[in-house]
Structures are given as C-alpha cells and as structure tokens.
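One letter stands for each residue in the lines below.
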Amino acid sequence: MEIWINPACSKCRSAVKLLDAEGAEYTVRRYLEDVPSEDEIRAVLARLGLEPWDITRTQEAAAKELGLKEWARDATSRDRWITALAEHPKLIQRPIITADDGTAVVARTDEAVRDALSR
C-alpha cells in the first residue's frame, strides 16, 4: 500500500499515525516532491472510481488563479484537469491511499483509512 501525503497536512499526519498504530506496511509518497505524472494520476483516478475534479482542492490559490471553478466537468475537459493536477500537485486532495487490492481511497477520515486497511 502507498499513501500520498503532504507532511504539513493534519489529515495526512493523522492517516499515517493510524497506519502505524495498526502495524500496516506502506510506502510514503510525498507527492509535492515526487510529483505524480499524468498517467499516474489517471491510474489513481481509475482506482478511486473518481474524476479529476472530484480530487481537486478548489480553494487553493493555484485553483483560483487557473479559474478551476469555471472549468467544465465533462469527458472533453478531463485531460485538462489531469494536466492541471500534474502541473500543480498542491491541488490534489490528500491523503490518498492505494490499497493492495488495486483500489484506492481518499483517506481524510479514520474510517477511510480503516477501509483501505481492510482491503
């Protein structure tokens, strides 16, 4: 299992603490330093069963600068969103855990972390 984190994020620190408490084996990816490629973002979206706008932090300064709230949320705009996430990784919702069974969860709650652990 892998967890994408920003160490400055309290939700990320909480998720890591719970993984450690449960004795989980996992790899940490500091996604602001080890930025996911567009293909990696597509793969995680497929595992999550979500669209790029579903995992976009629209309140971030970069989102406001790009005008993301005005972007279409449809199949023809999907690649544009993915490119924005790859170019501005701070826009990616966190933490994201990729589970061993091939799925993934946005692990912002203890319940979501436990869900990933149960897979």
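For the structure, check the block above.
Criteria and cut-off values
- Residues numbered from 1 in each chain as written.
- Predicted model: local features only at pLDDT ≥ 70, side-chain atom pairs only at ≥ 80, totals over all residues.
- Heavy atoms only, no water.
- Phe/Tyr/Trp six-rings, centres within 6.5 Å; stacked < 30°, edge-to-face > 60°.
- Helix = DSSP H or I, 4+ residues; strand = E, 2+ residues; numbered from the N terminus.
- Buried < 20%, exposed > 50% of the residue type's maximum accessible area, 1.4 Å probe, protein only.
- Lys NZ or Arg CZ within 6 Å of the ring centre and 35° of its normal.
- Polar contact = N/O pair within 3.5 Å; in protein donor to acceptor, adjacent residues only side chain to side chain.
- Contact = heavy atoms within 4.5 Å.
- Salt bridge = Lys/Arg side-chain N within 4 Å of Asp/Glu carboxyl O.
- Pairing = 2+ DSSP bridges.
- Axes fitted to C-alpha atoms, helices over the stretch in contact; angles between N-to-C directions.

Visitor: Kindly report on the packing of aromatic side chains, identifying the contributing residues and their values.
Guide: The final tally for this structure, using the stated rule, is 3 aromatic pairs. Aromatic side chains Trp53 and Trp81 sit 5.8 Å apart centroid to centroid with 70° between the ring planes, which places their arrangement in the edge-to-face category. Residue Trp53 is found in the loop between helix H2 (38-48) and helix H3 (61-66), and its partner Trp81 is found in helix H4 (residues 78-87); the two are separated by 28 residues along the sequence. Across the pair, Trp81 and Trp53 agree in class, each one buried. Ring geometry for Trp71 versus Trp81: centroids 5.5 Å apart, planes at 80°, classification edge-to-face. In this pair, Trp71 is assigned in the loop between H3 and H4 and Trp81 in helix H4, connecting sequence segments 10 residues apart. Accessibility assignment for this pair places Trp71 and Trp81 in one class, buried. Lying across the ring of Trp71, Arg80 places its NZ or CZ 3.8 Å from the centre.

Visitor: Explain the side chain of Arg57 residue by residue, including any values.
Guide: In this structure, Arg57 sits in the loop between H2 and H3. With a relative accessible area of 19%, Arg57 lands in the buried category. Side-chain polar atoms of Arg57 contact the side chain of Glu60, separated by 3.1 Å. Among residues more than four places away in sequence, those in contact with Arg57 are Ala63, Lys90, Leu91, Ile92, Gln93, Arg94 and Arg108.

Visitor: Before we move on, can you summarise the pattern of salt bridges with the specific residues and values?
Guide: With the rule as written, the count across this model stands at 8 salt bridges. Across the pair Arg42 and Asp39 runs a salt bridge whose closest N-O atoms are separated by 3.2 Å. With a gap of 3 residues between them, Arg42 and Asp39 both fall in helix H2, about one helical turn apart. A salt bridge links Arg119 to Asp115, with the shortest nitrogen-to-oxygen separation between them at 2.6 Å. Judged by its relative accessible area of 32%, Asp115 falls in the partly exposed class. Each member of the salt-bridge network shares a partner with another, and the members are Glu38, Asp39, Arg42 and Asp79.

Visitor: So what about the sheet that holds strand S4 (residues 104-106)? Which residues, and what values?
Guide: The 4 strands lie next to each other as S2-S1-S3-S4, forming an open sheet whose pairing is mixed. Lying at the two open borders of the sheet, with one neighbouring strand each, are strand S2 (27-30) and S4. The mean inter-strand angle of the sheet, taken between neighbouring strand axes irrespective of direction, is 20°. For strand S1 (residues 2-5) and S2, the ladder comprises 4 bridges, and the chain directions are parallel. Of the residues in S2, the one forming a bridge with Glu2 is Thr27. Contacts from helix H1 (residues 10-21) reach S1 and strand S3 (96-98) within the one sheet, and its direction differs from that of S1 by about 155°. Where helix H5 (residues 110-117) meets the sheet, it contacts S3 and S4, and its direction lies at approximately 170° from that of S4.

Visitor: So, H4: which residues are in play, and what are the values?
Guide: Looking at H4, one finds that the buried residues are Trp81, Ile82, Ala84, Leu85 and Ala86. Among the structural elements, H2 and H3 are those in contact with the buried residues of H4.

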